[in-house]
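# Close look at the chain arrangement
Read off the chains here:
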Amino acid sequence: MNYRLLSLAALVTAGAAAPAGAQTVLTASSWVPPTHALSVAQKEWCDLVEKNSAGKVKCNVLPRAVANPPGTYDAVKNGLADVSFTVHGYTPGRFVLTQMAEFPFLGDAAEPLSVAFNRVAMKHPQFAQEHQGVHVLAFFTHGPGIVFNTKHAVTKLQDLQGLKWRVGGGMVNEIAKTLGMNVTLKPAPDSYELLSGGVMDGTLFPAESIESFKIDKIIKYATTFPGGLYNTSFVFMMNPATYAKLAPAEKKAVDDASGEVAARIMGRNWDKVDRRAYGLMQANNVQVTKADAKFVSDIKGKTSALEQKWVKEAEAKGLKDAAKVLAEFRSEIAKQSK
């Protein structure tokens, strides 16, 4: 009997010590469609990890998301998926430092913004400390935020008022409130239903989203801003226990595909769809208005206090000299945008 138990134990132990040539499979989850820039970018990251590890580490992309968008952070933290991404603003009040990447007029493309954001955030450990329970692979952003609606052209502050807007949360919510907009926090995938049913009149989105969430035929008006009206910060993350279990060579394969490399992958894929979306707007006769100098100046006047507020809140969370970090971020964006 004892011998048999020992034999079973030996078999179990032998099975646990993975034989040479065995693969480590990471479960990857996405809450946007498989064709969305984020899903495509995550798959590109997975392919790079597989290449870096000579096939030892690969992803199993799950057919459906393990959680709704706001629940994704905790789903990765709790091991329901090994790898995924989420919008910081989907869980209001949880993340403060990352709102640095969400202010108005930061930049005209996702790739330089994402690289700059990741570079500055990775340099200051307080950003990672705000992400308890997950292993951060990269920080990134989407492209410049645009005002879309179904009712009328938005050319001045007053045009933003009196309509019902969907926003994703985070700094964009604060910006919208400061501008006197009537906003509701809803995840991006809900937009088609909200707009087609007339529950909402408009949404704040990057250009890409009109294609990704199939609202290109519903939207009638778009207003663009130099550097974007807002931005949205994201985290690309891994379950820490999964990361800890990787062999040194596997960790290196993951690390080499992460950080700035991953931020660039995410941003580049986003910019590609943003560019394509302008063609879609043209094809669907969406009236695109560029905000004039007065409109931009009025917005700056209303939203400038949000930066001072962020500086205070970021310093309260341990980020020393937050105003200097914000200036460093802007300088890095300018460098990356050249």
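My aim in this report is to walk through the structure given alongside it, one point at a time. (Residues numbered from 1 in each chain as written. Predicted model: local features only at pLDDT ≥ 70, side-chain atom pairs only at ≥ 80, totals over all residues. Heavy atoms only, no water.)

Secondary structure assignment for the chain yields 14 helices and 11 strands. Overall, the C-alpha framework of the chain stretches about 85 × 45 × 35 Å when taken along its three principal axes. Across the 338 residues that make up the chain, the buried fraction comes to 52%. Total accessible area on the chain stands at roughly 15100 Å², and carbon and sulfur atoms take up 55% of it. (Helix = DSSP H or I, 4+ residues; strand = E, 2+ residues; numbered from the N terminus. Buried < 20%, exposed > 50% of the residue type's maximum accessible area, 1.4 Å probe, protein only. Areas by Shrake-Rupley, 256 points an atom, 1.4 Å probe, with all protein chains shown as cover.)

We now examine unusual backbone geometry. Its identity as a non-glycine residue notwithstanding, Asn285 has a phi of 55°, on the positive side. With respect to the helices and strands, the residue Asn285 is situated in the loop between helix H12 (260-283) and strand E11 (287-290). Residue class for Asn285 comes out exposed when judged on its relative accessible area of 66%. Of note, the phi angle at Asp321 is positive, near 50°, even though the residue is not glycine. Along the chain, the position of Asp321 falls in the loop between helix H13 (293-316) and helix H14 (322-337). Asp321 sits in the partly exposed class, given a relative accessible area of 42%.

Turning to the packing of aromatic side chains, a few remarks are in order. What characterises a pair of aromatic rings is the spacing of the ring centres plus the angle enclosed by the ring planes. Taken as a whole, this structure holds 12 aromatic pairs when the rule is applied. Between Trp31 and Tyr90, the ring centres sit 5.7 Å apart and the planes meet at 55°, which makes this aromatic pair tilted. Taken together, the residues Trp31 in the loop between strand E1 (24-28) and helix H2 (37-52) and Tyr90 in the loop between strand E3 (83-87) and helix H4 (110-123) connect sequence positions 59 residues apart. Each member of the pair, Trp31 as well as Tyr90, carries the same accessibility label: buried. Connected via pairs of aromatic rings, a cluster forms that spans Phe117, Phe127, Phe139 and Phe329. Directly above the ring of Tyr243 sits Lys251, whose terminal nitrogen or CZ lies 5.5 Å from the centroid. Stacked on the ring of Phe105, the Lys or Arg Lys300 has its end atom at 5.5 Å from the ring centre. (Phe/Tyr/Trp six-rings, centres within 6.5 Å; stacked < 30°, edge-to-face > 60°. Lys NZ or Arg CZ within 6 Å of the ring centre and 35° of its normal.)

Our focus in this paragraph is the packing of H2 against helix H11 (residues 248-257). Packing of H2 against H11 leaves a shortest axis separation of 8 Å and a crossing angle of 140°. Considered as vectors, H2 and H11 are oriented oblique to each other. Judged by the sense of rotation from one axis to the other, the crossing of H2 with H11 is right-handed. Residues Trp45, Leu48, Val49 and Asn52 of H2 touch H11, and the partners they reach there are Ala253, Val254, Asp256 and Ala257. Here the contact of H2 with H11 is built from residues that sort into 6 nonpolar, 1 polar and 1 charged. (Axes fitted to C-alpha atoms, helices over the stretch in contact; angles between N-to-C directions. Parallel < 35°, antiparallel > 145°, perpendicular 65-115°, else oblique. Left-handed = near helix turned anticlockwise from the far one by under 90°. Contact = heavy atoms within 4.5 Å. Nonpolar A, V, L, I, M, F, W, Y, C, P; charged D, E, K, R; others polar.)

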